[in-house]
Amino acid sequence: MNLFDNLPLKLKLGLAPLVCLVLMGVATLGALWGLAQQRQALETLHQQRLPGYAFAARVESGLRDINGLINRSLGYEAMGYNAQEVGAIDSQLAGAIGELKKIMAAQQAQAASTQDREMLTALTADFAKYEKSVRDTLDMRSAGAVIASTFLSTAQKEYEVLLKRVAQVSQSMRDEAARDVAAASASVERVQWAIGAAALVAMLLGTALALLLARGLAARVARLSASAAQLAAGDLTQPVQAQGRDEVGRLMSDLEVVRERLSQSLGVVRESAEAVRL
């Protein structure tokens, strides 16, 4: 007799599907976890990486505008434009510089990681150097084109450094986005393997459990049928071996009670017949 023989028949019939459902439920939870990881990666990409790309593009565009404006300002001065026209270019230049500083400050305040803050701090410091070179160049316009060009050369070098720094920020954003997506993809892949493994285990375990239960039930029903056949043939000498406390086991016990009572009744009849003959 095994443990399953004591379980109710209804429970045994539902045990294999129940095990399969539990395993599939665990697999479903794993799938939900994997989807949550992927959603988090996409949210990070949307909330942090994409704004980072936009920031890098705006900074690069602003730097090119500033570089163009300073060259126009020097060109207007060299070609003898009036002070009002030159002043208009200088106002645009000051506005572009101020706007770019605001963009950098806002991005630095929103930086989510230490690495982002460090990169933005370095970018801000490089921009401060470039701004100083630009203002020095503008201040030296009155000293002549040659001297102003010397300062402009320094500003151009700072400009190239800034462009490289912006490219580094953009590349860092791309790398972090790639890592986020790769981590999410790995989580989904692990969940896919887990679902497949859970489904396989559920199928194998459910099949094995069903076969085990069916085999034990069929063996006991066969013994019950053989005992009933012996009783029908009039053989009351073989006791019915009750096995288990489920419905089949109780039926075996009841059949044994019937055998014992029939045997007792038959004994009484025989004793009565012997007494009559005497």
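In this text the structure is predicted, and so the values were computed from the model without any measurement. (Residues numbered from 1 in each chain as written. Predicted model: local features only at pLDDT ≥ 70, side-chain atom pairs only at ≥ 80, totals over all residues. Heavy atoms only, no water.)

> Got a minute to help me understand the overall build of the chain in this structure?
In terms of helices and strands, the chain carries 5 helices and 0 strands. Counting from the amino terminus, the chain carries its helices and strands in the arrangement α-α-α-α-α. The long-range share in the chain, meaning contacts at least 24 apart out of those at least 6 apart in sequence, stands at 74%. Carbon and sulfur atoms make up 62% of the accessible area of the chain, which totals about 16,900 Å². (Helix = DSSP H or I, 4+ residues; strand = E, 2+ residues; numbered from the N terminus. Contact = heavy atoms within 4.5 Å. Areas by Shrake-Rupley, 256 points an atom, 1.4 Å probe, with all protein chains shown as cover.)

> Explanation requested: the side chain of Glu256 in the structure shown.
Of note, Glu256 is situated in helix α5 (residues 247-277). The class for Glu256 is buried, based on a relative accessible area of 12%. In contact with Glu256, other than residues within four places in its own chain, are Pro239 and Val240. (Buried < 20%, exposed > 50% of the residue type's maximum accessible area, 1.4 Å probe, protein only.)

> Teacher, can you tell me more about helix α2 (residues 83-109) here?
Every α-helix carries 3.6 residues per turn, so stepping three or four residues along brings you back to the same face. Between its first and last C-alpha atoms α2 spans 39 Å; for 27 residues at 1.5 Å apiece the expected length is 39 Å, and the two agree. Inspection of α2 places Val86, Ile89, Asp90, Leu93, Ala96, Ile97, Leu100, Ile103, Met104 and Gln107 among the buried residues, and these make up the whole buried set. (Expected span 1.5 Å × (residues − 1).)

> Would you mind going over the packing of aromatic side chains with me for this structure?
Where two aromatic rings form a pair, the distance of their centres and the angle of their planes describe that pair. Taken as a whole and assessed by the stated rule, the structure comprises 3 aromatic pairs. Seen in terms of ring centroids, Tyr76 and Tyr81 are 4.2 Å apart; in terms of plane orientation they differ by 10°. Their pairing is stacked. Tyr81 sits in the partly exposed class, given a relative accessible area of 36%. Note on Tyr130 and Tyr159: the rings are 6.0 Å apart at their centroids and 35° apart in plane angle, and the pair reads as tilted. Taken as a pair, Tyr130 in helix α3 (residues 114-139) and Tyr159 in helix α4 (residues 145-232) lie far apart in primary sequence, 29 residues in all. As far as the burial class goes, Tyr130 and Tyr159 line up, both buried. Connected via pairs of aromatic rings, a cluster forms that spans Phe127, Tyr130 and Tyr159. (Phe/Tyr/Trp six-rings, centres within 6.5 Å; stacked < 30°, edge-to-face > 60°.)

> Whenever I open this one, the environment of Ser227 confuses me. Can you help?
Tracing the chain through its elements places Ser227 in helix α4. Since its relative accessible area comes to 12%, Ser227 is described here as buried. In this structure the C-alpha to C-alpha distance between Ser227 and Pro239, which are 12 residues apart in sequence, comes to 8.0 Å. Setting aside residues up to four positions removed in sequence, Ser227 forms contacts with Val240 and Leu255.

> Quick question: what am I supposed to make of a nonpolar patch on the surface here?
Taken together, the side chains of Leu18, Val22 and Val26 define a hydrophobic patch exposed on the protein surface, amounting to about 270 Å² of accessible area. Note that Leu18 resides in helix α1 (residues 9-78). Owing to a relative accessible area of 44%, Leu18 belongs among the partly exposed residues under this scheme. (Patch = residues over 30% accessible without salt bridge, like charges linked within 9 Å, V, L, I, M, F, W, Y side chains within 5 Å. Salt bridge = Lys/Arg side-chain N within 4 Å of Asp/Glu carboxyl O.)

> Honestly, α3 in this entry has me stumped. Any pointers?
Relative to the 38 Å expected for 26 residues at 1.5 Å per residue, α3 spans 37 Å between its end C-alpha atoms, a close match to the ideal helical length. By the burial criterion, the buried members of α3 are Asp116, Met119, Leu120, Leu123, Asp126, Phe127, Tyr130, Glu131, Ser133, Val134, Thr137 and Leu138.

> How should the nonpolar core be read in this particular structure?
Proteins that are soluble and globular tend to have nonpolar side chains buried together. By size, the foremost hydrophobic cluster in this structure holds 34 residues, and its most contacted members are Leu63, Phe127 and Tyr130. Mapped onto this core, the elements with two or more residues apiece are α1, α2, α3 and α4. For Tyr130, the residues in contact, after removing those within four places along its chain, are Leu63, Ile66, Asn67, Ala155, Glu158, Tyr159 and Leu162. Counting residues in hydrophobic clusters, the runner-up holds 6 residues, among them Leu224, Val240, Met252 and Leu255. (Core = buried A, V, L, I, M, F, W, Y, C linked by side-chain atoms within 4.5 Å.)

> Would you explain the pattern of salt bridges in this entry?
Per the counting criterion, the structure on display carries 5 salt bridges. Here Lys101 and Glu131 are joined by a salt bridge, their closest N and O atoms 3.6 Å apart. Within this pair, whereas Lys101 is found in helix α2, its partner Glu131 is found in helix α3, the two being separated by 30 residues in sequence. Look at Lys101 and you get partly exposed, because its relative accessible area is 41%. The closest approach of N and O atoms between Glu131 and Arg135, which form a salt bridge, is 3.0 Å. Of the two residues, Glu131 and Arg135 are both situated in helix α3; the distance of 4 residues between them amounts to about one turn of the helix.

> What am I meant to see in the packing of α2 against α3 here?
To characterise two packed helices, one gives the angle between the axes of the helices and the distance between these axes. Two elements in contact, α2 and α3, have axes whose closest approach is 10 Å; the angle formed by their N-to-C orientations is 165°. The angle between α2 and α3 places the two elements in the roughly antiparallel class. Note that α2 runs across α3; the crossing there is left-handed. Residues Asp90, Leu93, Ile97, Leu100, Lys101, Met104, Gln107 and Gln108 of α2 form the contact with α3, whose participating residues are Arg117, Leu120, Thr121, Leu123, Thr124, Phe127, Glu131, Val134, Arg135 and Leu138. Of the residues belonging to the contact of α2 with α3, the class tally is 9 nonpolar, 4 polar and 5 charged. (Axes fitted to C-alpha atoms, helices over the stretch in contact; angles between N-to-C directions. Parallel < 35°, antiparallel > 145°, perpendicular 65-115°, else oblique. Left-handed = near helix turned anticlockwise from the far one by under 90°. Nonpolar A, V, L, I, M, F, W, Y, C, P; charged D, E, K, R; others polar.)

> Just checking my understanding: could you explain the confidence of the model for the chain for this structure?
Segments scoring low in pLDDT should not have their predicted coordinates read at a detailed level. Taken residue by residue, the chain gives an average pLDDT of 79. The fraction at 70 or more is 88%. Mean pLDDT across the elements of the chain ranges from a minimum in α1, with 76, to a maximum in α2, with 90. (pLDDT = per-residue confidence, 0-100.)

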